[in-house]
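A structural walkthrough
Given next are the chains, with one letter for each unit.
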Amino acid sequence: MCIYTYILFVLAIVNLKTELDYTYYKMGCSTSVNPKSHVENQNVPERNPSPVKQEKPPSPQPDPVAAIENEPERTREEIINYYQNEYSELRLLLRMLLNAVEKMDQLLECGIKSQKHLDEAKNALEEFVDISKIDNTWSVLGDFLADINGAETFTQTLSKLYETNTNIAVSDLQDTNTPEATAQLIVFGITMSLLDLTDKSVPFTISCANSELVPVLTEFCMALAANISDQGHNWADMQLSGKLFTQTLGTLHNIARRAENRWHCAKVRSLVPTLLDWTTSKGNYWGVLSLLTLSFVIDEERNHLLKTKEGVLRFLVELLEATLNESNRRFLGYSSTELAEGLTQIAVNDSNKRLLAELGAIPILKNMMNTANNEKEQESAATAFYVLSFNEENRKEIENESETMEILQRLSKSENRQVKMIAEGALWEVLGKQRRVKEAESVAPTAASLSSSDRKHVMISYQWDVQQTMIAVKNSLQEAGYHVWMDIEKMEGSTLEAMAKAVENASVVIIGVSQKYKESPNCRSEAEYTYQVRHFRLDLK
């Protein structure tokens, strides 16, 4: 059985956690090529006479989100008691948040129209929002809400209030003594709370997506957008409708930042064209927020849409620089970390890589790497730097800047494994990869020109989110007698040099394409190198 047929057989018996389709791709050929027609011209790895003993897979790293999802079922009362005992200093805030959720539940039960229940929900939310502003405890509060299914309450209340009172998206009603005005203030409290909670709590953010909050927010945002014009970026000068729009769109952005939530965004077909319109029609402040959200929502087939007006990108770069002048690294509600993450996503569009550099992003990111308040900030800056380095002109600019290279060299020795790996990747991209490609080409111009003895294994390239699936593929190939190279334990030392050798000595490179693979600069570098040394590649999506 040839290896390509065998791989399909393996995939048929493996219990896959992600949707996979298999596309045959030969460098320089159409993706529709029949694999059988060119297998004879490829040097497939020799099979062992007997099955290889399987390696024991490493224990998977604990996933905090999965751990929460897999906890034994607890009653609501048990959850409340746990949080009040575990976080005794937050008992008042927890009680106030629980009261707000219970008042919204009562409002839903009575059909939304009871003025008494509207007033009670409004007062409970206002009381919670007012006191929570002075306490940086949103992470715990969000986790608590996720555990008591509070995201469902927030989603249903927002949906029903807008459905019953459509005027809350049309004009500012706070000065009128009407049920609609009360409903608008409740929605304001909900969207303000959602914005902060989804920014700090991963479990709550995922719970919001699972409760179908994305289509509700999208519809409400579209209604608000139809009735507002650019109001600048000064919060105090914004009308209530402008604040509602900012909070709603900001919550969408927070949800979209989590890879687990992308498919919830993809289901809302109106979201991408709407965000695309807002990047150019709503002024720089909302344009940047729309662009940042769009950068996480859009798929690779449409990333050409991320090319936007220079003014919006310039404002994004200016915002990032402004955060670095603040002690808490926040400006106009944005943190330096989330802006760097957004810049990384926007730079997925190759035409934006050079434009962002021309707008001054490289020295700002260098400053951010060098002065970061914490390792997460340092990691996000280094990742953005890494992605920008995939542009040839940017590479030369970085290479010629001695201070930048010194910072990357220093970070490549960081005790933080992730920071170390990203810095090594950026150095490889700037200094190592092109040299390595030339060396490989001088020895082996194409994969097809080498003898079978020079091709010793099948290489598996993947991102860690699908490790268990790809280990199953690896084990099945080994059982059939094939030599397989796969990095399971995250190699120490010169990781990318080891990867390069593995690519060079591979007959076939199998790529497990997941959303996180597409977003990983290390994975892009690996895939690009595979392409440049012209190996046969099999993409599993």
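This is a predicted model, so every value here is computed, not measured. (Residues numbered from 1 in each chain as written. Predicted model: local features only at pLDDT ≥ 70, side-chain atom pairs only at ≥ 80, totals over all residues. Heavy atoms only, no water.)

Structural notes on the overall build of the chain
For the chain, the count of helices and strands is 27 helices and seven strands. Summed over all atoms, the accessible surface of the chain reaches about 24,300 Å², with 47% contributed by carbon and sulfur. (Helix = DSSP H or I, 4+ residues; strand = E, 2+ residues; numbered from the N terminus. Areas by Shrake-Rupley, 256 points an atom, 1.4 Å probe, with all protein chains shown as cover.)

Here we look at the pairing of strand S6 (residues 506-512)
Counting buried positions along S6 yields seven of seven residues, so the element is predominantly enclosed. As paired elements, strand S4 (residues 457-461) and S6 share five bridges and run parallel to each other. If you follow Ser 461 over to S6, its bridge partner there is Ile 511. (Buried < 20%, exposed > 50% of the residue type's maximum accessible area, 1.4 Å probe, protein only. Pairing = 2+ DSSP bridges.)

Here's the deal with the side chain of Thr 153
Along the polypeptide, Thr 153 turns up in helix H8 (residues 150-164). Under the relative-accessibility criterion, Thr 153 is labelled buried at 7%.

Focus: the side chain of Thr 182
With respect to the helices and strands, the residue Thr 182 is situated in helix H9 (residues 179-200). For Thr 182, the residues in contact, after removing those within four places along its chain, are Gln 115, Leu 118, Asp 119 and Lys 122. (Contact = heavy atoms within 4.5 Å.)

Thoughts on the confidence of the model for the chain
Put simply, the chain has an average pLDDT of 77, and 74% of its residues get 70 or more. Element-level mean pLDDT values for the chain span from 29 in strand S1 (residues 22-25) up to 95 in helix H10 (residues 202-210). Segment residues 1-61 is flagged for pLDDT under 50; beyond a separation of four residues in sequence, or across chains, it makes 113 contacts in the model. Here residues 444-454 scores under 50 on pLDDT; set against residues more than four positions off or in separate chains, the count is 16 contacts. (pLDDT = per-residue confidence, 0-100.)

As for the environment of Cys 523
By secondary structure assignment, the location of Cys 523 is in helix H27 (residues 521-532). Look at Cys 523 and you get buried, because its relative accessible area is 6%. Sequence separation between Cys 523 and Gly 425 is 98 residues, and the spatial gap between their C-alpha atoms is 10.0 Å. With residues up to four places along the chain from it excluded, the contact list for Cys 523 reads Tyr 462, Gln 463 and Tyr 517.

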